[in-house]
Amino acid sequence: MNSLTNTTSLGAAEALPTGAYSKLLRDGGFQSFLWTQFLAAFNDNVYKMIVSVTAVDIAVNQDAGSFYLSLAGAVFVLPFLLFAGPAGQIADRFSKTRVLQITKAFEIPVMVFGIFAMIAHRIDLLLVVLFCLAAQANFFSPAKYGILPEITGEEQLARANGLIELSTFAAIVLGSSFGAFLFAYWKSSPVKMGLMLLAIAITGSLTSLRITKAPSAGSRDPFYLNPFREVWTGMRSLLADRPMWLTVAGISWFWFLGALFQMTVILFAKESLHTSDQNTGLSWTALAAGIGIGSVIAGRISGDRIELGIVAVGSTLMGVFTFATGMTTSFAWAILWLFGLGLAGGLFIVPLNAFLQDRADPAEKGRILTTNNFVNMLGVVLASGTLSLMHDALHMPAAHMLLVLGAFTLVGTVLAVKLLPGVTLRLFLLSLMHLLFQIGRAHV
C-alpha cells in the first residue's frame, strides 16, 4: 500500500508511455472485466428505464406515475444502504474474481423473474426485480473497484479507472436510450423485452468467466447480523486516515452533485431553455458523455501514477461550467457548458477513485470501498432532499440553483487546495514544463 507521499512524489515529468491505453486494452482479462461491468450497468439502466416508462404508462389510468417514479429511485438506493456491510465483507474474504462471477450470474434468475413481471404488467413486481438488481449491483461494486489494483497494478490504475468511468457512463446513456426504444417498439410484447434483458445478462455472465483471477484477500472477520456494523468499522478506519476520508468526502460530493444535476437539468431545460423533452435528454447525454471523455483524459494525464493534482483543476472547472450553465438561456451553449461540466467531473473523480483503491489496506479494501458506496448513496439521498428544499420550499429557479452549486464547488476547491497545496502546485508546474517542452520542440 502506497502512502500519499509516495503516490504524489516528484518525478512525473517523464513522457507519458505511448500506447498505454492500448496495452491495457490488449489484456484479455481486463477486456473481459470491462465488458462485464459495462453489460451490468447497461442492463440495469435498460431495466430502470422500462420501469420508469411503465410507471408513466400506468399513471394514465391510476394517476400515480410520479409516486412510482420516486419509489423506483428509493428502491434502487435502498440495497446500497442495507447491504453495504455484507458486500464489503464478502469482497474481503473471497476472491474478487469469484465474487464478480457469482453476482453477475445472479442477474440471470432475476431477469427470468423480470419476464413474468413484465407479462403481468404489475409495477409492484417490477419494483421487486429492480430491488434485486440493485442488491446485485451493491455486491458487485466493492469487488469491481477492489479488484482493479490487483489486476492492473498502480502504474495502470488511473487509466483503468478512466476506462471504467467511460464505459459506465456510456452504459447509462446507451442503456437508458435502448430501454426507451425497447418499450416503444415492444410494449405489447413483454416476452421479447424480457428475453432481450435475459440475453444481455447471460452474455455478461459469460464474459465474467474470463476476468483475470485474483487471489482472496484472506479476511477472517466474522459475519455480523447488524448490517451497519461493517460500515461503522469502515468509517472508523477512514476517520483514522485523513487522506482517505478526504477522498471519500470528495467522491461523495461528486455523487451528490451528479444526482442533483440529473434532476436540476430537467427543470432547467423547462424553465430557462424552454426546450423539448428530446432536447432535455440530449442535455443529460452531453453531461454523461463529458464525464466519460474527461475520465479517459484524466487517466492519460495521470500516466503511470495517481495524479491528485488533477482533482483541484477538475473542481475549479466544474464550478466555472456550472456558473456558465446557470447563466445561459441558449440551448446550444447549454449543451457546450454541460459537456464541459461533465469533462471536468471526469478529471475530478478518476484520481480520487484510483487513490482510494490504492491506499486502502488489501485486508479491508472491500470494507473501505463499500463504506465509500454507503456514504455516496447518502449523498444521492441528500441530493433529493436538497432539490425539494431549494426548488419546492424556497421556490428557487433551477438557474439560480446552478449558480449556488457553482459557488459551493468553487469554495470547496479553495478548501481542497489549502488541504493539499503540494499536489496542486506540482501539477501546475509539470503542465507548464510539458507546455514549454512542446514549444521548444516546435522551434527546433
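These figures come from a predicted structure and were not determined experimentally.

Engineer: What should I look at first to understand the overall build of the protein chain in this one?
Structural biologist: For the protein chain, the count of helices and strands is 17 helices and 0 strands. Here the protein chain holds 444 residues, and the buried ones make up 53% of them. Contacts in the protein chain between residues at least 24 apart in sequence constitute 87% of all its contacts with a sequence separation of at least 6. Entry remark: accessible area of the protein chain is about 19500 Å², with carbon and sulfur atoms responsible for 70%.

Engineer: So what exactly am I meant to see when it comes to a nonpolar patch on the surface here?
Structural biologist: A cluster of nonpolar side chains, contributed by V112, F113, F116, I119, V128, V191 and L195, occupies part of the molecular surface with about 590 Å² of accessible area. Looking at the nonpolar patch, the elements with two or more residues in it are α6 (96-120) and α9 (190-208). Of the residues forming the nonpolar patch, the biggest block, 4 residues, is contributed by α6. As for its position among the elements, L195 is in helix α9.

Engineer: Mind showing me how you'd approach the nonpolar core here?
Structural biologist: Burial of nonpolar side chains together is a common tendency in soluble globular proteins. Grouped together as the largest cluster of nonpolar side chains are 110 residues, with contacts concentrated most on F30, F33, Y47, I50, M111, L148 and F261. I50 has contacts with M118, G179, L182, F183, M193 and L197, leaving out every residue within four places of it along the chain.

Engineer: Can you help me understand the pattern of salt bridges in this one?
Structural biologist: Between side chains of opposite charge, pairing is possible as soon as their charged atoms come close. Counted according to the given criterion, the structure contains 6 salt bridges. Two residues, K96 and E150, come together in a salt bridge whose shortest N-O distance is 3.1 Å. Here K96, found in helix α6, pairs with E150, found in helix α7 (residues 123-152); they are 54 residues apart in sequence, far enough to count as distant. Linked through salt bridges whose partners overlap, the residues forming this network are E230, E364 and R367.

Engineer: What is the right way to look at the packing of helix α14 (residues 331-359) against helix α15 (residues 365-393) in this model?
Structural biologist: Two quantities define a packed helix pair, namely the angle between the helix axes and the distance between the axes. For the pair α14 and α15, the least separation of the axes is 9 Å and the interaxial angle reads 150°. Note on element contacts: α15 touches α14 through K365, I368, L369 and N372, opposite L356, Q357 and D358. In the contact of α14 with α15, the residues fall into 3 nonpolar, 2 polar and 2 charged.

Engineer: Please clarify how the confidence of the model for the protein chain should be interpreted in this entry.
Structural biologist: Caution applies to low-pLDDT regions: their predicted coordinates should not be interpreted in detail. Predicted confidence across the protein chain gives a mean pLDDT of 80, with 84% of residues reaching 70 or more. Across the protein chain, the element-wise mean pLDDT spans from 38 in helix α1 (residues 4-7) up to 93 in α9. With pLDDT under 50 throughout, residues 1-19 is counted as low confidence; its partners more than four residues away or in other chains account for 41 contacts.

Engineer: Whenever I open this one, the packing of aromatic side chains confuses me. Can you help?
Structural biologist: The description of an aromatic ring pair rests on the distance of the ring centres and on the angle between the ring planes. The tally for this structure, following the rule as stated, stands at 12 aromatic pairs. Each ring, one from F38 and one from F42, has its centre 5.8 Å from the other, and the planes form 20°; the classification is stacked. Taken as a pair, F38 and F42 lie in helix α3 (residues 28-62) at a separation of 4 residues, close to a single helical turn. Each member of the pair, F38 as well as F42, is classed as buried. Linked through ring pairs, W35, F38, F42 and F178 together constitute an aromatic cluster. Geometry around F76 places K48 over its ring, the cationic atom sitting 4.2 Å from the centre.

Engineer: What's the story with unusual backbone geometry in this structure? I'm lost.
Structural biologist: Excluding glycine, residues mostly have negative phi values, and the peptide bonds linking residues are mostly trans. For H121, which is not a glycine, the phi torsion comes out positive at approximately 55°. Tracing the sequence through the fold places H121 in the loop between α6 and α7. Looking at H121, the relative accessible area reads 38%, which means it is partly exposed. Of note in the backbone geometry, H395 takes a positive phi value of approximately 55° without being a glycine. With respect to the helices and strands, the residue H395 is situated in the loop between α15 and α16 (398-419). A relative accessible area of 63% means that H395 is categorised as exposed.

Engineer: Hey, could you run me through α7 in this one?
Structural biologist: One full turn of an α-helix is made of 3.6 residues, so residues set three or four places apart face in the same direction. Helix length check: α7 (30 residues) gives 42 Å between terminal C-alpha atoms against 44 Å at 1.5 Å per residue, within 8%. The largest bend along α7 measures about 30° and falls at F140, with the proline P142 one to four residues further on. A large share of α7 lies buried, amounting to 23 of its 30 residues. Where α7 ends, the next residue or the one after it, G153, has phi of about 85°, a positive value.

Engineer: For this particular structure, what's the right way to read the environment of R159?
Structural biologist: Checked against the element boundaries, R159 lands in helix α8 (residues 154-186). Looking at R159, the relative accessible area reads 1%, which means it is buried. Sequence separation between R159 and G299 is 140 residues, and the spatial gap between their C-alpha atoms is 4.0 Å.

Engineer: Just to check I follow, could you spell out α9 for this structure?
Structural biologist: Between its first and last C-alpha atoms α9 spans 27 Å; for 19 residues at 1.5 Å apiece the expected length is 27 Å, and the two agree. Within the span of α9, buried status applies to P190, M193, G194, L197, L198, I200, A201, G204, S205, T207 and S208.

Engineer: Quick question: what am I supposed to make of the environment of I349 here?
Structural biologist: Mapped onto the fold, I349 is located in helix α14. In this structure I349 comes out as buried when scored by relative accessible area, which is 1%. Residues I349 and S315 lie 34 residues apart in sequence; the distance between their C-alpha atoms is 9.4 Å. I349 has contacts with E165, I251 and F254, leaving out every residue within four places of it along the chain.

Engineer: Would you mind showing me how to read the side chain of T370 here?
Structural biologist: Residue position: T370 is located in helix α15. Note on T370: relative accessible area 0%, which makes it buried. Among the polar contacts made by the side chain of T370, one reaches the main-chain carbonyl oxygen of A84 at a distance of 2.6 Å. With near-sequence residues (within four places) excluded, T370 lies in contact with A84, A87, G88 and P142.

The rules behind each value
- Residues numbered from 1 in each chain as written.
- Predicted model: local features only at pLDDT ≥ 70, side-chain atom pairs only at ≥ 80, totals over all residues.
- Heavy atoms only, no water.
- Helix = DSSP H or I, 4+ residues; strand = E, 2+ residues; numbered from the N terminus.
- Buried < 20%, exposed > 50% of the residue type's maximum accessible area, 1.4 Å probe, protein only.
- Contact = heavy atoms within 4.5 Å.
- Areas by Shrake-Rupley, 256 points an atom, 1.4 Å probe, with all protein chains shown as cover.
- Patch = residues over 30% accessible without salt bridge, like charges linked within 9 Å, V, L, I, M, F, W, Y side chains within 5 Å.
- Salt bridge = Lys/Arg side-chain N within 4 Å of Asp/Glu carboxyl O.
- Core = buried A, V, L, I, M, F, W, Y, C linked by side-chain atoms within 4.5 Å.
- Axes fitted to C-alpha atoms, helices over the stretch in contact; angles between N-to-C directions.
- Nonpolar A, V, L, I, M, F, W, Y, C, P; charged D, E, K, R; others polar.
- pLDDT = per-residue confidence, 0-100.
- Phe/Tyr/Trp six-rings, centres within 6.5 Å; stacked < 30°, edge-to-face > 60°.
- Lys NZ or Arg CZ within 6 Å of the ring centre and 35° of its normal.
- Expected span 1.5 Å × (residues − 1).
- Bend = angle between axes of the 7 residues up to and from the residue.
- Polar contact = N/O pair within 3.5 Å; in protein donor to acceptor, adjacent residues only side chain to side chain.

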